[in-house]
Amino acid sequence: MPALAGRHVQMNGAVMGKIGRNSPCPCGSGKKYKRCCEKKEAQMRASQIPPGRFRYEAGSYGGPGRGYMPSILGYKEVGSDSWAEHLCLVKTDAVFEDHEAATSTAEGHITAARQAQIDAGGSPQEFALSLRHEGYKSVSDSRIVQTEA
Ligand SMILES: [Zn+2]
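This structure is a prediction, so every number in the text was calculated from the model and none was measured. (Residues numbered from 1 in each chain as written. Predicted model: local features only at pLDDT ≥ 70, side-chain atom pairs only at ≥ 80, totals over all residues. Heavy atoms only, no water.)

**Student:** Is there a simple way to explain the nonpolar core in this structure?
**Tutor:** Taken as a class, soluble globular proteins show a tendency for nonpolar side chains to be buried jointly. Membership of the largest hydrophobic core is limited to ten residues, which are Y56, A58, I72, L89, A106, I110, A113, F127, L131 and Y136. The set of elements that each furnish at least two residues to this core consists of β1 (54-63), α3 (99-119) and α4 (124-133). Setting aside its immediate chain neighbours within four residues, Y136 contacts P70, S71, I72, L89, V90, K91, T105, A106, H109 and L131. With seven residues, the next largest nonpolar core counts Y61, M69, Y75 and C88 among its residues. (Core = buried A, V, L, I, M, F, W, Y, C linked by side-chain atoms within 4.5 Å. Buried < 20%, exposed > 50% of the residue type's maximum accessible area, 1.4 Å probe, protein only. Helix = DSSP H or I, 4+ residues; strand = E, 2+ residues; numbered from the N terminus. Contact = heavy atoms within 4.5 Å.)

**Student:** Looking at this structure, I do not really get the coordination of the zinc ion. What am I missing?
**Tutor:** Six octahedral donors around a metal ideally make angles of 90 or 180 degrees; four tetrahedral donors ideally make 109.5 degrees. The protein atoms that coordinate the zinc ion are C25 (SG), C27 (SG), C36 (SG) and C37 (SG), at distances of 2.2 to 2.3 Å. Note that the zinc ion binds four donor atoms; their angles at the metal cover 100 to 114 degrees, and the shape is tetrahedral. Mapped onto the polypeptide sequence, the residues donating to the zinc ion form the spacing pattern C-x1-C-x8-C-C. A residue pair is termed long-range when its members are at least 10 positions apart, and C25 in the loop between α1 (7-16) and α2 (37-46) and C37 in helix α2 qualify at twelve residues. Look at C25 and you get buried, because its relative accessible area is 5%. C37 gets classed as buried once you look at its relative accessible area, which sits at 10%. (Donors = N, O, S within 2.8 Å, 3.2 Å for Na, K, Ca; no water. Tetrahedral: all angles 85-135°; square planar, octahedral: opposite > 155°, others 65-115°.)

**Student:** Any chance you could explain a positive patch on the surface here in plain terms?
**Tutor:** Together, K31, K32, R35, K39 and K40 make up a positively charged patch on the protein surface. Here K31 lies in the loop between α1 and α2. Residue K31 is classed as partly exposed on the basis of its relative accessible area, which comes to 46%. (Patch = residues over 30% accessible without salt bridge, like charges linked within 9 Å, V, L, I, M, F, W, Y side chains within 5 Å. Areas by Shrake-Rupley, 256 points an atom, 1.4 Å probe, with all protein chains shown as cover. Salt bridge = Lys/Arg side-chain N within 4 Å of Asp/Glu carboxyl O. Lys, Arg positive; Asp, Glu negative; His and termini not counted. Charge placed at Lys NZ, Arg CZ, Asp CG, Glu CD.)

Structural measurements only, silent on function.
This is how it looks when you write it as structure tokens:
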């Protein structure tokens, strides 16, 4: 499984949250915390999809001869650093000759769905909804060719 970038940022944010807003910033800038890193952390949090609960990987679905469809594998956090596959989405109306084209298409759709989610205030349902609009359907069978992270 790929490394989970972002988890540590989240933890640092929690620790930093205990600093008084008018105290000198712990980064050593000499400014008050509220005028320095507090702002940066808020921006960082806003750019993240709900803290480490779900993550999505682009892949392709299919095989030689029948073509490859863009697919997205969703993982749910089930414990500390423990992830379980909870959904597999396939865009059944797009078939590519090679799996890389299918994968990069899926990557683009994940990025767009994340943006839709951020625009909607972070609701995870919005993420799934955006992919459904794009033509992705849940499949139970996961013969997925995964990308190397
Ligand atoms: Zn600072």
